[in-house]
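Report on the structure
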Amino acid sequence: MDKNSPQNLLVHWKIRSKFLYYPHLEAAPKIPPVAVNGWRPKNSIRKTEQKVSPFVRLGIGTGMGKKILKSLGNSTAIHIFVVSACIAVLASVIQIYIEYRKDVDRVKSRFELIESSYIPAVAAALWQIDEDQARLILAGIKSLPDVAYVEIKANDSDFTSSLGEKSGSRYLTREVEVAFTNQDHSAIAIGTLTISLSLDAVISRTYGLSLNILITNILKTLLLAVYVIFLLRKRITRHLIHIVRYLESKDQSQPLKLERRSAREDELDVMVQSINNKNNEILDKIQTIEKHKVELEHTVEEKTQALTRTAETKATLLRVLCHDLSNPLVLITGLLELFANNRISEEKKQAKYKTLSRAAQLMADILSNVREMEAVDSGKRNITIAPVNLERMFDDLNLIFRDRLTEKQICLEIENQLPDGIGVFADPVSLSNHVFNNLVSNALKFSFPGSKVRIVAQVEDELVHVSIIDAGVGMSEEIAQAIFDPTRQTTRPGTAGEKGTGFGMPIVKSFVEKYGGRIQVESTSAEINPSEHGTTFHLYLKKARLVPDLAVAERSAG
């Protein structure tokens, strides 16, 4: 068979990218062969036209849904029965207690009956000291329902009479003072009547009533629970089972519908509509995944390359740091050597101390800015872009490179042609420590002793054009094209044997681009043109208007 035949151009693949959306799946089903240039084999047409449920593709059709619903129905029924039984028991206890309190109140009413009906007769019998009449009255009281014990005592005599038994703890006792009323309506206490009412009948009746109330309430509550469970299964559970069967079915060409008589929309209808919408969304996502597989692979490849570039940048960051720290470190080392050998007068020490402090602070700023650059490159932090006055920075360059200029007998000329109140948009720390320091250091490194380095700043439309011009050895066209590439080796020794890392210019370009500007280089090598040679770096930054007070203050401070 020809290698270029359509059969060999078929793409058979699994939706591996589906794991981006559904990471819980252990495997994904195969997708039918994809046609190339409109051609499809005959044996793949039927498989392609078969509509497979997206829920089945996602592994939902496993029969687990019915088990879950069955477990849910059983647990719901158990909960309903348990709660119903608890409610029935609680209601029974409350009803039994109410009936018990009614019976106790009925027994207590015997005290009021005895006090209103028998106390006057008892008082008369004790007043007349008629013991037989008193005993007869006691017998009448003892014959009343629930009366277990009755006793009468006279205050002025030894007469005491009682009927019944005073034993046990289930009774109510009350002592009533017996008083005789004279004709002048004055009351004289003549004795005491003690009455004990038995609660045995009440307790016995409560026990018998408790069983009837408990059984009745449990039956009523459980019947209600059975009805609730039946209603739950009829109105909810059976529809949920229908939904699960739909989700487990392979053919979902028709939308999900419930067999219901009610025309009112409720939560189940909302669920059905949501499932239908989700079904369509899943199908659309699967189609999107199939269409964009190549794009995803391309994105992964781009990310991999970006990570590789980031790793290379991280590897060069340490070398860049060493390169940027070399200038202030050389200055500090030289000053310390002067101090150690006492080769400096007392009058100049104060100025040198200031220079030493300024260089040390510069090193601290460089270290801080390198950390800042790493954060900017990694996307953790943005540099601060603000209007910057270049006049103060040019003055700092004379101070920082004063010793190197003297050592190589090079003259640094600065032509600031910017109008008052005009600056550039940049980050002031990185512009000074990384951009200008690297450019001037590079110019001094490749300049001949006794030559001149010029810095010219002028406005061009909405940009500020800063040129760093030297008459040094220049560079070849090959080095000029690779000088801003951190992966290319462009380092060369200077005119005095100075060494470098070759990473100063890449970091300059990185910061300039972050400011929204650009940098260019033009150079003529001394080997090609011995009479006219040198290098010029063109720096283009966005023009900014300075705040008047700030501009005046900075000029005064300078």
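Analysis parameters
Residue numbers here run from 1 along each chain, matching the order of that chain's written sequence. In keeping with the predicted nature of the model, local features appear solely for residues at pLDDT of at least 70, side-chain atom pairs appear and are counted solely at 80 or more, and the whole-chain, interface and lining totals rest on all residues. With hydrogens and water excluded, all non-hydrogen atoms of the structure serve as input to the side-chain values. Lines fitted to C-alpha atoms define the axes, with helix axes restricted to the stretch in contact, and inter-axis angles between N-to-C directions lie between 0 and 180 degrees. What counts as a helix is a DSSP run of H or I of at least four residues, what counts as a strand is a run of E of at least two, and both are numbered from the N terminus. Should an angle fall under 35 degrees it is taken as roughly parallel, and over 145 as roughly antiparallel, whereas 65 to 115 is taken as roughly perpendicular and any remaining angle as oblique. Helix crossings fall into two classes, left-handed where the near helix is turned counterclockwise from the far one by less than a right angle and right-handed where it is turned clockwise. The contact criterion used is simple: two residues touch if any of their non-hydrogen atoms lie within 4.5 Å. pLDDT is a per-residue confidence score from the predictor, ranging from 0 to 100. To qualify as a nonpolar core, a set must consist of buried Ala, Val, Leu, Ile, Met, Phe, Trp, Tyr and Cys residues joined through side-chain atoms within 4.5 Å. When a residue's accessible area, from a 1.4 Å probe over protein chains only, is under 20% of the maximum for its type it is buried; when over 50% it is exposed; and in between it is partly exposed. We define a salt bridge as a side-chain nitrogen of Lys or Arg found within 4 Å of a carboxyl oxygen belonging to Asp or Glu.

Moving on: the packing of helix α12 (residues 428-445) against helix α14 (residues 504-514). Running from N to C, α12 and α14 cross one another at 140°; their axes reach a closest spacing of 9 Å. Considering the angle they form, α12 stands oblique to α14. Pair α12 / α14 crosses with left-handed handedness. Across the interface between the two elements, Ser430, His434, Val435, Asn438, Leu439 and Asn442 of α12 pack against Gly504, Met505, Ile507, Val508, Phe511 and Val512 of α14.

A low pLDDT means the predicted coordinates there should not be read in detail. For the chain, the mean per-residue pLDDT works out to 76, and 76% of the residues sit at or above 70. Of all helices and strands in the chain, the one with the weakest mean pLDDT is helix α1 (residues 42-49) (40), whereas strand β9 (residues 463-470) scores best (95). A low-confidence stretch, residues 1-52 (pLDDT under 50), is modelled with 63 contacts involving residues beyond four sequence positions or located in other chains. Below a pLDDT of 50 lies the segment residues 54-62, which in the model reaches 31 contacts outside its immediate sequence neighbourhood of four places, other chains included.

Moving on to the nonpolar core. Leu390, Leu431, Val435, Phe436 and Val466 are the most contacted members of the largest nonpolar core, which totals 42 residues. Elements supplying a minimum of two residues to this core: α10 (390-400), β7 (422-426), α12, β8 (452-460), β9, α14 and β11 (534-545). It is α12 that contributes the most residues to this core, 7 residues altogether. Those residues within four positions of Phe436 in sequence are excluded, and the remaining contacts are Leu390, Met393, Phe394, Leu397, Leu431, Val466 and Leu539. Phe111, Ile114, Ala154 and Phe159 belong to the second largest nonpolar core, which has 28 residues in total.

So, about the pattern of salt bridges. As enumerated under the stated definition, the model contains 13 salt bridges in all. For Arg135, the salt bridge goes to Glu131, with nearest N and O atoms at 3.6 Å. Of this pair, Arg135 and Glu131 both sit in helix α5 (residues 131-142), 4 residues apart, roughly one helical turn. Owing to a relative accessible area of 39%, Arg135 belongs among the partly exposed residues under this scheme. On the basis of relative accessible area, Glu131 is assigned to the partly exposed category, the value being 35%. A salt bridge links Lys509 to Glu513, with the shortest nitrogen-to-oxygen separation between them at 3.9 Å. Remark: Glu513 and Lys509 occur in helix α14; sequence separation between them is 4 residues, near one turn of the helix.

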